Amino acid sequence: MIRVVLTLALLAIASPSLALAQARTPYLQRATDTGMHVVWRSAAPQISRVCYGTSMSSLGSTAGSGLMETDHDASIGSLTASTRYYYAVALASCSASTTGTATDWFETSPAPGSTGPFRLWVVGDSGTGDANQVAVRDAMLSDTAARAPDLFLHMGDIAYNSGTTAEFDAHFFAIYAEILRHTPVWPTLGNHEAMSSSSATETGPYYEAYSLPTDGAAGGVASGTEAYYSFDYGNAHFIVLNSQDVSRAPGSAMFTWLESDLSATDQEWQIAYFHHPPYTHGSHNSDVEIQHVQMREVALPILEAHGVDVVLGGHSHIYERSFLAHGGYDTPTTSAGHIVDPGDGRLDGDGPYASGAGGTLYVTAGHGGAGTSGAGDHPMMFFSEVANGSCVVDVDGGSLTLRNIRRDGTETDHVTLVRAHGLTVLSPAGGSSHLAGSIVPIAWTTSDATTTMVRIEGSLDGASWFSIVDTTANDGAFDWTTPRRVAAMARVRVTDVADMAISGTSGPFSLVSTAISTVIPLGDVWEYSADGTDRSDTWRDGSGGPWPEGAAELGYGDGDEVTLLPATPVQPTYYFRRAITVDGAVTSARLTTRFDDGIAVWINGQLVFTRDVDAGLDYATFATGGTDDNEMATVDLDLSMANPFVTGENWIAVIVKQVDAGSSDLSFDLSLDLGITVMVDPDPTDGGVDSDAGSSIRSDGGTLRDGSTTPAPADGGCGCVVVGGGPRQAPASALALAVLLAAGISARRRRACR
Amino acid sequence: MRPSLVCLLLVLLAWSSAASADPPVEQTLEALDRAISSRPYDVELLMVRGDLLLREERPADALSDLRVVLALSPGDARALVLEARALFQTGHEEAALASADRAIEVAPTSFDALRTRATLRAALGDPGGAIEDLDTALALADDVESYLTRARLLRAQRRTLEAAHGLEAALLASDHAAPLVLACVDTWLEAGEPVRALALVDQAIVSAPTDPRLVILRGDVLTRAGRTTEAALAYSDALARIDSALARRSTVARLVDRGDALARLGRTAEAEGALAAALAREPEYERAHALAARLGHARGAR
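As the structure is a prediction and not an experimental result, all values here were calculated from the model.

What follows is about the overall build of chain B. A count of helical and extended segments in chain B gives 17 helices and zero strands. A compact globule built from 302 residues would reach a C-alpha radius of gyration of about 19 Å, whereas chain B, at 25 Å, exceeds it by more than 25%. Its C-alpha atoms put chain B at 75 × 45 × 35 Å along the principal axes. Buried residues in chain B amount to 52% of all 302 residues. Expressed as a percentage of contacts within chain B between residues at least 6 apart in sequence, the contacts between residues at least 24 apart total 46%. For chain B, the exposed surface amounts to about 13,100 Å²; the carbon and sulfur share of it is 54%. Across chain B, the 35 positively charged side chains and the 44 negatively charged ones have centroids separated by 5 Å.

Of the regular secondary structure elements, chain A holds eight helices and 45 strands. Residues counted as buried form 60% of the 754 residues belonging to chain A. Surface summary for chain A: the accessible area is close to 25,300 Å², and the carbon and sulfur share equals 54%.

With that out of the way, let us pick up the packing of aromatic side chains. For any two aromatic rings, the description comes down to two numbers: the centre-to-centre distance and the angle of the planes. Residues and elements named next belong to chain A. This model, assessed by the stated rule, comprises 34 aromatic pairs over all chains. Consider the rings of tryptophan 121 and phenylalanine 152, whose centres lie 4.7 Å apart with planes at 35°: the pair is tilted. Of this pair, tryptophan 121 sits in strand E8 (residues 118-123) while phenylalanine 152 sits in strand E9 (residues 151-154), placing them 31 residues apart in sequence. The class of tryptophan 121 is buried, set by a relative accessible area of 1%. Judged by relative accessible area, which is 0%, phenylalanine 152 ranks as buried. Ring centres 4.4 Å apart and planes at 25° place the aromatic pair phenylalanine 576 and phenylalanine 668 in the stacked group. Residue phenylalanine 576 is located in strand E37 (residues 573-582), and its partner phenylalanine 668 is located in strand E43 (residues 666-677); the two are separated by 92 residues in the primary sequence. A connected cluster of aromatic rings, assembled from ring pairs, spans Tyr27, Trp121, Phe152, Phe168, Phe172, Phe173, Tyr176, Tyr206, Tyr207 and Tyr210. The ring centre of tryptophan 465 lies 4.0 Å from the NZ or CZ of arginine 493, which sits over that ring. In this arrangement the basic side chain of arginine 578 is found over the ring face of tryptophan 526, its NZ or CZ atom lying 5.9 Å from the centre.

Turning our attention to the state of the cysteines. Residue and element names in this part refer to chain A. Inspection of the entire model under this criterion finds one disulfide over all chains. Here cysteine 51 connects covalently by a disulfide to cysteine 94, the sulfurs 2.0 Å from one another. Across the S-S bond linking cysteine 51 and cysteine 94, the dihedral sits near -80°, which makes this disulfide left-handed. You can see cysteine 51 sitting in strand E3 (residues 50-53) and its partner cysteine 94 sitting in the loop between strand E6 (84-89) and strand E7 (105-107), a full 43 residues away along the chain.

Our focus in this paragraph is the interface of chain A and chain B. Each partner contributes to the interface: chain A provides 69 residues, whereas chain B provides 58 residues. Both sides together, the interface formed by chain A and chain B hides about 4,900 Å², and carbon and sulfur atoms give 54% of it. The interface formed by chain A and chain B contains one salt bridge. The partner of B:Arg287 in a salt bridge is A:Glu259, with the nearest N and O atoms 3.5 Å apart. There are 14 residue pairs in polar contact (both at pLDDT 80 or more) connecting chain A and chain B. Breaking the side of chain A that touches chain B down by element, the ones donating at least two residues are helix H1 (2-14), helix H6 (253-264), helix H7 (290-305), strand E23 (423-427) and helix H8 (734-742) of chain A. With eight residues, H6(A) is the largest single contributor of residues to the side of chain A that touches chain B.

Turning next to the nonpolar core. Counting 167 residues, the largest nonpolar core has A:Leu153 and A:Phe238 as the members making the most contacts within it. Per-element accounting of this core gives the leading share, eight residues, to helix H11 (residues 178-190) of chain B. Leaving out residues up to four positions away in the same chain, A:Phe238 has contacts with A:Phe118, A:Leu120, A:Leu151, A:Leu153, A:Tyr229, A:Ser230, A:Phe231, A:Tyr233, A:Ile271 and A:Tyr273. With 58 residues, the next largest nonpolar core counts A:Trp444, A:Leu460, A:Phe668 and A:Leu670 among its residues.

Another point: the sheet that holds strand E42 (residues 648-657) of chain A. The strands making up a sheet are joined through hydrogen bonds of the backbone, oriented either antiparallel or parallel. Residue and element names in this part refer to chain A. Across the sheet, six strands lie side by side as E34-E33-E37-E42-E39-E40; this open sheet has antiparallel pairing. Two strands close off the open sheet at either side, each with one partner strand: strand E34 (549-551) and strand E40 (606-611). For this sheet, the mean inter-axis angle between neighbouring strands, taken without regard to orientation, is 25°. As judged from the three bridges shared by strand E33 (residues 525-529) and E37, these two strands associate in the antiparallel manner. Note that in E37 the partner of serine 529 across the bridge is tyrosine 575.

Looking at chain A as a whole, its pLDDT mean stands at 85, while 86% of the residues score no less than 70. Predicted confidence for residues 1-22 of chain A stays below pLDDT 50, and this span has 23 contacts to residues more than four positions away or in other chains.

The next subject is unusual backbone geometry. Keep in mind that most residues, glycine aside, have a negative phi and that most peptide bonds are trans. In this structure, A:Pro332 follows A:Thr331 across a cis peptide bond, with omega equal to 0°. Along the polypeptide, A:Pro332 turns up in the loop between strand E15 (319-325) and strand E16 (339-341). Cis geometry is found at the peptide bond from A:Gly545 to A:Pro546, where omega equals -5°. You can see A:Pro546 is positioned in the loop between E33 and E34. Its identity as a non-glycine residue notwithstanding, A:Asp125 has a phi of 55°, on the positive side. Structurally, A:Asp125 can be placed in the loop between E8 and helix H2 (131-143). One non-glycine residue with positive phi stands out, namely B:Arg158, at about 60°.

All right, on to the side chain of A:Glu320 then. Residue and element names in this part refer to chain A. Checked against the element boundaries, glutamate 320 lands in strand E15. We classify glutamate 320 as buried; its relative accessible area is 0%. Other than its neighbours up to four places away in sequence, glutamate 320 contacts Tyr279, Thr280, His281, Gly282, Tyr362, Val363, Thr364, His378, Met381, Phe383 and Ser384.

Right, let's get into the pattern of salt bridges. All names here are of chain A. Following the criterion strictly, the structure yields 54 salt bridges over all chains and no others. Between aspartate 104 and arginine 181 there is a salt bridge whose closest N-O contact spans 2.5 Å. Taken together, the residues aspartate 104 in the loop between E6 and E7 and arginine 181 in the loop between helix H4 (177-180) and strand E10 (185-187) connect sequence positions 77 residues apart. In terms of burial, aspartate 104 and arginine 181 fall into one category: buried. Its salt-bridge partner being arginine 590, residue aspartate 636 comes within 2.8 Å of it at the nearest N-O pair. Here aspartate 636 is found in strand E41 (residues 631-636), whereas its partner arginine 590 is found in strand E38 (residues 585-596), with 46 residues between them in sequence.

With that settled, the discussion passes to the packing of H11(B) against helix H12 (residues 194-207) of chain B. All names here are of chain B. Look at H11 against H12: their axes get within 7 Å of each other, and the N-to-C directions meet at 160°. The orientation of H11 with respect to H12, classified from their angle, is roughly antiparallel. In the crossing of H11 with H12, the sense of the turn from one axis to the other is left-handed. Within the contact between the two elements, H11 uses Val181, Cys184, Val185, Trp188 and Leu189 and H12 uses Pro194, Arg196, Ala197, Leu200, Val201 and Ala204. Looking at the contact of H11 with H12 residue by residue, the class counts come to ten nonpolar, no polar and one charged.

Our focus in this paragraph is the pairing of strand E27 (residues 465-473) of chain A. A regular strand places its side chains on the two faces of the sheet in alternate fashion. Both strand E26 (residues 453-459) of chain A and E27(A) contribute to a ladder of six bridges, which runs antiparallel. What sits directly across from A:Gly458, in E27(A), is A:Phe466.

Residues and elements named next belong to chain A. Taking strand neighbours across the sheet as the criterion, the three strands line up as E1-E2-E5 in an open arrangement whose pairing is antiparallel. Of all the strands in the sheet, the pair left with one neighbour each is strand E1 (24-29) and strand E5 (68-76). For this sheet, the mean angle separating the axes of adjacent strands, direction not counted, is 20°. Here E1 runs beside strand E2 (residues 36-47); their pairing, made up of four bridges, is antiparallel. The residue bridging glutamine 29 from the neighbouring strand is histidine 37, located in E2. In the packing of helix H3 (residues 165-173) onto the sheet, contacts are made with E1 and E2, and the angle to E1 comes to roughly 80°.

Moving on, we come to the packing of H11(B) against helix H13 (residues 212-224) of chain B. All names here are of chain B. One can describe the packing of H11 onto H13 by two numbers: an axis separation of 11 Å at closest approach and a directional angle of 10°. Considering the angle they form, H11 stands roughly parallel to H13. Here H11 contributes Leu182, Val185, Leu189 and Glu190 to the contact with H13, which in turn contributes Leu214, Leu217, Val221 and Arg224. Grouping the amino acids of the contact of H11 with H13 by side-chain chemistry returns six nonpolar, no polar and two charged.

Rules used in this analysis
Residues numbered from 1 in each chain as written. Chains lettered and ligands numbered in written order. Predicted model: local features only at pLDDT ≥ 70, side-chain atom pairs only at ≥ 80, totals over all residues. Heavy atoms only, no water. Helix = DSSP H or I, 4+ residues; strand = E, 2+ residues; numbered from the N terminus. Rg over C-alpha atoms; globule rule 2.2 N^0.38 Å. Buried < 20%, exposed > 50% of the residue type's maximum accessible area, 1.4 Å probe, protein only. Contact = heavy atoms within 4.5 Å. Areas by Shrake-Rupley, 256 points an atom, 1.4 Å probe, with all protein chains shown as cover. Lys, Arg positive; Asp, Glu negative; His and termini not counted. Charge placed at Lys NZ, Arg CZ, Asp CG, Glu CD. Phe/Tyr/Trp six-rings, centres within 6.5 Å; stacked < 30°, edge-to-face > 60°. Lys NZ or Arg CZ within 6 Å of the ring centre and 35° of its normal. Disulfide = S-S within 2.5 Å. Buried area = accessible area lost by both parts, 1.4 Å probe. Salt bridge = Lys/Arg side-chain N within 4 Å of Asp/Glu carboxyl O. Polar contact = N/O pair within 3.5 Å; in protein donor to acceptor, adjacent residues only side chain to side chain. Core = buried A, V, L, I, M, F, W, Y, C linked by side-chain atoms within 4.5 Å. Pairing = 2+ DSSP bridges. Axes fitted to C-alpha atoms, helices over the stretch in contact; angles between N-to-C directions. pLDDT = per-residue confidence, 0-100. Parallel < 35°, antiparallel > 145°, perpendicular 65-115°, else oblique. Left-handed = near helix turned anticlockwise from the far one by under 90°. Nonpolar A, V, L, I, M, F, W, Y, C, P; charged D, E, K, R; others polar.

Below, the structure is given as structure tokens:
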């Protein structure tokens, strides 16, 4: 009982306005670039009118119903973006001489997409009404004295203990009154609000307190409910989910809406929040309680698939901040393989996290007032601190910095995400695979015409960077000879030499030791001999050139040829050849030809494929059977007995024979897919990320987890890795083949120039 | 939950947990156990524990508490609803329905009770009864999830037109909530009314012009209407939008969208490539698996 009495005493000290009981001073809702809702509650009926204007001394515009009410919600429209308006409530009339005060004002949101700086205040689990809550508030106010937050995001548990109207008044509206007068608040429902409010019926004190967009009017698409919603501010899109009392089943209305909402947004930053964080070892364990588990298992795959940059939560009374992470959906959570960047994410440390490159930052901000506790040892977290506080987030164009402000005013953690701004890396594509040591085309585009020279860097782990080229022209393309190293999370970063803020990073891609590579696609260029000369056996190694060149399909008579060959004089045999360079050991080969009428193929002089040439291969012999026009044949070459391929230059030589002297057409095209295994260098770091490694305790009470070097290669760092192995390792499925083909893996090809 | 109950609970918890006003579930249960052991017939404490146990998916334990509550307070509608859910989860389906019936007798305008009985009736093979309950519930509150459930039940009964009209009405009541728009389009198509579906899609595109999935959906609707040339144009338009979005921000979802558009354009190999890239980055993304299943089906059909 002593504890209760003490709490009430502290409450009275912290909240002098509590004596006013049910009155709520004006607060701001549904902020957009063109509108604002001014909401307040009066103890007795008063006129529901807001006078407003851009000058404090002239509030000539009017909004509100003009009726005598106690609950007031005045919608103001047709406002100008990024503009300060002064307002006064409950006046009998508004005129050019109506004056306001220096405390009652609001600023409209910037136009969606605009990149100017803005600041967020992130608070969770604050609603105790006690000295902790006040200290957290005051620490934020002190920290942001020079520049106040533009938005107030509440992570839920706004009004302990059960979200009653009286608790909202005392633990939220009274304590934050001066902030709420000019800072729009965007809440999500916590479990304590759910004790008195229902999301199914949208009734109860929580839903009475807030006016939230159901129709997509603040950005995003209509959810049809205030239980979950979205809004835009500047170049950011905010997604507010309900992890408490709506269905969290796959395919539920909320997650169907989430897919639609994220598909529709084109904003540069995407920030999601809900009460139960997916990763926490604070006063709650995210592997144990069902809300955390379901949000992690169902919501996170959607959020991450859409590239959401930051996920915020509360509920667990602790501050926790993750590494840049991806794909950690399992229960129990492990971090192995899910930490995209093992660095600290700090500009003054290992460098910022690259946003938009396949990772998300997770923050538990459940430390806004309620008593803190927990082990603070979640493996996904870079930093944890068991102390009250709140987060201040600054977004400025392509940069987002989150700082933890402890209740004593100390900044105990900070992290920065940097989004490619004005420069987009087009390839290598995220998720693609490339042969280690091969040439990978890097392509990028810049929207800033002032960029003339760029620097290109590479990373094998997404964290440690090395220079590929210090300076090269901003022509959008560069061929990179990749290291002979296996890497699962490689990236490329392109940066304007003159302005580091103009930078782009590729999504994570793989360097592999074995890959299927289309070394000759259909339609490629071939040398040909079609002048009636008998080339005998001396042409298959590139001798006797130069020959003319042309793109396939080569031939005549069908009308579909790219390169037309002479039909006269009558020639029983036409010759085609070209060289390829193979950098590694060929373990499989698939040859696809289009031909008419007979064909024979040699690789480095070794005959590997024939069709309808049983009468002989000399120049004067005709084919033994006519084919259908443009017949296709595909064969997997048996390399187990005699592998014709060599490392380096390889000659592919082909003859196509007519069936007889009267044949009306001739056709030739050929593609070659090779499985290539390369020798890779051992990993010099001889180790890798052990992201479940132990943590060290900071002297200030926060817990830092040690990020380390690079991922270990698949073979433990000892040379050649054969992923598929065997003479002909067919892809597991057509899909797997598509992975490799779509990845654009290509061995270097050299055109014959003799 | 009544405030007095919560105050009581929190006083108990304050003594049991010095650190937190929101202790972990196990701590809460321990505190409740201690409190109930000294006050075994306290209806409010038993209700709180029963509710918590049910949410923690321990229905048998919840049932023990709820039965005591109902013995002491037979007309407690909230306890009856919880009992119905607990009974259903423990396999006592008929008893569950009886509890839900009783809850509605006591509180005929309880949204929770009506929705619970609708769920039970649907599960027990009485979709008509479930629809009746949902109709009553939806007259009390506009709940998107309940509108969707109602439509699903009607469609399962082949009352497709009724479902479509119901969803159209729900759209007006819910500010055209995105899940309802998608369900309504699908239902109009099933009802053989592509023109009505097209009108909805076009309206949705106006509201969300940057969503390429809606443009793909437009193509699907046009295909169903036999307007294949326009459909192909829609798919091409969607693909161009997706590629433009991908150049700005490469996400797994956009790769799946790309695969989706390519598949509809008949460029199956490219679609598989886009899908494979998506799955390599996000193996657990449900939409990617749905597309994979569709492409697999298409391959099989060839």
